[in-house]
Amino acid sequence: RKKNNKYIFRLSYNDKEANKMRNMVPLGKDSYKMCKFVRHPAICEVLPGAPPISDVITSYMIKNVVFFLNEENAFQTDSPADLFLLSERIYTKLRKHFENEDLCMYFVPHQDILYDNWIKIDFKDMFMFHKKKDWSLAYCDLIIKKLRERHESYALFDCLQDTRL
């Protein structure tokens, strides 16, 4: 497309992402679904003054962390109970990226997702940059806490089986 007399190109990796997800072990796919599922407002309440979690922690951010963990063979286990531990690990890794203010795209490692979602948009407004970081960390902490509460997690698992995300 053309903008301000310059051509702007966007690269799409949708086919590669879909193929990577399709070929991932079932526990990896289920962990990704669980991480998306726990962002639902009925499970993760909106923090005071913050936008909904899905606006702060996108499924694209989660997907990139899942792809990186898959490279580390994190999903090579036979126990379905590990679903909660792996989902917690995804959010813990995501939280670390938020703390460090870096989250690389899986297919384009030199491109930082947080730069596009935090800095580039609000470059002149450092207050909003820090608010987004604070909300991201707070939401990660909330989700990690919920995933650690096993009795809630097992109830979520039944819902997950019947939910298309």
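Details of the structure are given in the entry above.
What comes next concerns the included structure. What you are looking at is a predicted structure, and each value in this text was computed from that prediction instead of being measured.

Section: helix α4 (residues 59–71)
Taking 1.5 Å as the rise per residue, α4 with 13 residues should run 18 Å; its terminal C-alpha atoms sit 18 Å apart, in good agreement. Of all the residues in α4, the buried ones are Met61, Ile62, Lys63, Asn64, Val65, Val66, Phe67, Leu69 and Asn70.

Concerning the pattern of salt bridges
One pass over the full model with this rule turns up seven salt bridges. Of the charged contacts, one joins Arg148 and Glu88 as a salt bridge, the two residues approaching to 2.6 Å between their closest N and O atoms. Separated by 60 residues along the polypeptide, Arg148 in helix α7 (residues 126–148) and Glu88 in helix α5 (residues 82–100) bring together distant segments of the chain. The shortest N-O distance in the salt bridge between Asp141 and Arg95 comes to 2.4 Å. Of this pair, Asp141 sits in helix α7 while Arg95 sits in helix α5, placing them 46 residues apart in sequence.

Some thoughts on the packing of α4 against α5
Where α4 contacts α5, the two axes come as close as 10 Å, and the packing angle between them is 110°. Comparing their axes, α5 and α4 come out roughly perpendicular. Across the interface between the two elements, Met61, Ile62, Val65, Val66 and Leu69 of α4 pack against Arg89, Ile90, Tyr91, Lys93, Leu94, His97 and Phe98 of α5. Residue classes in the contact of α4 with α5 are distributed as nine nonpolar, one polar and two charged.

Some details on the state of the cysteines
What the rule picks out here adds up to zero disulfides. The thiol of Cys35 is unpaired, and the distance to the nearest cysteine sulfur, on Cys140, comes to 9.6 Å.

Calculation notes
Residues numbered from 1 in each chain as written. Predicted model: local features only at pLDDT ≥ 70, side-chain atom pairs only at ≥ 80, totals over all residues. Heavy atoms only, no water. Helix = DSSP H or I, 4+ residues; strand = E, 2+ residues; numbered from the N terminus. Expected span 1.5 Å × (residues − 1). Buried < 20%, exposed > 50% of the residue type's maximum accessible area, 1.4 Å probe, protein only. Salt bridge = Lys/Arg side-chain N within 4 Å of Asp/Glu carboxyl O. Axes fitted to C-alpha atoms, helices over the stretch in contact; angles between N-to-C directions. Parallel < 35°, antiparallel > 145°, perpendicular 65-115°, else oblique. Contact = heavy atoms within 4.5 Å. Nonpolar A, V, L, I, M, F, W, Y, C, P; charged D, E, K, R; others polar. Disulfide = S-S within 2.5 Å.

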